[in-house]
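Examining the three-dimensional arrangement
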Amino acid sequence: MRQGMVLCLVLALLAGCHAGGKSPGPEVRVLLWDFQEAHEGASYVRALALLDSALVLAPAYPRLHFLRGDVLSTLYRFEEAEAAFLRALELAPRYQGAAYRLGSNAFFLGQHREALAFYRQEARLSGAGEDSAALSAVWAQIGRVYARLGAADSAGEAYEQALRHDAANDQVWMWKAELSEDAGWLSDALMQVQEAVRLAPDDPAYQYLAGALQYRTGDYEAAIGHLEFVIKAQPWHAGAHYNLGRTLLALGRSDEAARYLEATDSLQALAADIILARFAVQHAPGGRDEWTVLAMLYEQAGRYEEARQAYRIARQVAESN
């Protein structure tokens, strides 16, 4: 999905659909086509170098700065990404998407107040357009930030606002379910996550919460199918193993339960190692060894696509150094 978004932005820029209405020169066009090829091939360091070259020739094009921020975020270079997105907004104050990406990066870094300010800025910009799905996504993120800040009422209001713009936003139904679960309203939470599952049945996160809630409400047989779905899709998912083990134990299927419960500890330890490795990359995004360790842990967990991307970045970082 991200690559598709980047491709659309590149095509729009090549067509001259940017602030100022002028088409980029032929040199910039060539660089952007090369950038598109590099980005689609996950050659992010090369993609960044091509954008930097384009910006030397066309420093006033806000979309070039936005694309640069996107690549820098992928490389965990969040401070530089922030500067790029802010520059896009400086050049085009109503540039939609830039404040949203600033909010997402701040949220990832745990800077929730800053994330909330950026998301609200994006809501004001998106509110001037007609893209209901985009506005729904922004309000969903606002709700998520409020939930992290412990402001449940404000989170609920933001989720309702998101659903008014797009009632089929499955992510909102999922986050509403989490909010209800935290409040102890398990029946409400189950109905809400079931709506998320109905809208996006292949999403393991929705299936997992549905299974966990069905276990908690005593519907053990129904929980099994959801949790088995998650383990098949994400064999590294410690929570799914643990909850499936508890579910089978509750049904008296002790031998089957033991297999899943025994796997839980090692999977939890591996998940914790991955979190630490991601922090290491965040603090040293130019370090080949940090990216390599993260890639190895992803590979150990069976998260092969994430491992491939981390290995690619490790190699590109080494080549650039």
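For the structure itself, look to the data block above.
Presented here is an overview of the structure given in this document. The shown structure was predicted, so the numbers you read here are calculated from the model rather than taken from an experiment.

One pass over the full model with this rule turns up 11 salt bridges. Its salt-bridge partner being Glu-80, residue Arg-77 comes within 2.8 Å of it at the nearest N-O pair. Across the pair Glu-195 and Arg-198 runs a salt bridge whose closest N-O atoms are separated by 2.6 Å. One end of the pair is Glu-195 and the other is Arg-198, both in helix α11 (residues 186-199) and three residues apart, which spans about a single turn.

Attention now goes to the nonpolar core. By size, the foremost hydrophobic cluster in this structure holds 50 residues, and its most contacted members are Leu-64 and Trp-291. In contact with Trp-291, not counting residues within four places along its chain, are Thr-74, Leu-75, Tyr-76, Val-281, Pro-285, Ala-310, Ile-313, Ala-314 and Val-317. The next biggest cluster of nonpolar side chains, apart from the first, holds 35 residues, and it includes Ala-106, Ala-123, Val-193 and Ala-210.

Here we take up helix α7 (residues 112-127). Between the first and last C-alpha of α7 there are 22 Å, a value that for 16 residues agrees with the 22 Å anticipated at 1.5 Å per step. Taken together, the buried positions of α7 are His-112, Ala-115, Leu-116, Phe-118, Tyr-119, Glu-122, Ala-123, Leu-125 and Ser-126. Looking at the buried side of α7, the elements it contacts are α5 (78-91), α6 (98-108) and α8 (132-148).

For helix α10 (residues 170-182), built from 13 residues, the straight-helix expectation of 18 Å at 1.5 Å per residue is met to within 8% by its first-to-last C-alpha distance of 19 Å. Among the residues of α10, Val-172, Trp-173, Met-174, Trp-175, Lys-176, Ala-177, Leu-179 and Ser-180 are the ones counted as buried. The opening residue of α10, the one whose side-chain oxygen lies 3.2 Å from the backbone nitrogen of Gln-171, is Asn-169. Positive backbone phi, at 85°, marks Gly-184, one or two positions downstream of α10.

Taken together, the side chains of Ile-275, Leu-276 and Phe-279 make up a nonpolar region of the molecular surface, amounting to roughly 310 Å² of accessible area. With respect to the helices and strands, the residue Leu-276 is situated in helix α15 (residues 254-283). Given a relative accessible area of 57%, Leu-276 falls into the exposed group.

Here the phi dihedral of Ala-42 falls at roughly 60°; this positive angle occurs in a residue that is not glycine. Residue class for Ala-42 comes out buried when judged on its relative accessible area of 5%. Even without glycine at this site, Tyr-76 takes up a positive phi of about 65°. Residue classification places Tyr-76 among the buried residues on the basis of a relative accessible area of 13%.

What counts, and at which threshold
- Residues numbered from 1 in each chain as written.
- Predicted model: local features only at pLDDT ≥ 70, side-chain atom pairs only at ≥ 80, totals over all residues.
- Heavy atoms only, no water.
- Salt bridge = Lys/Arg side-chain N within 4 Å of Asp/Glu carboxyl O.
- Helix = DSSP H or I, 4+ residues; strand = E, 2+ residues; numbered from the N terminus.
- Core = buried A, V, L, I, M, F, W, Y, C linked by side-chain atoms within 4.5 Å.
- Buried < 20%, exposed > 50% of the residue type's maximum accessible area, 1.4 Å probe, protein only.
- Contact = heavy atoms within 4.5 Å.
- Expected span 1.5 Å × (residues − 1).
- Polar contact = N/O pair within 3.5 Å; in protein donor to acceptor, adjacent residues only side chain to side chain.
- Patch = residues over 30% accessible without salt bridge, like charges linked within 9 Å, V, L, I, M, F, W, Y side chains within 5 Å.
- Areas by Shrake-Rupley, 256 points an atom, 1.4 Å probe, with all protein chains shown as cover.

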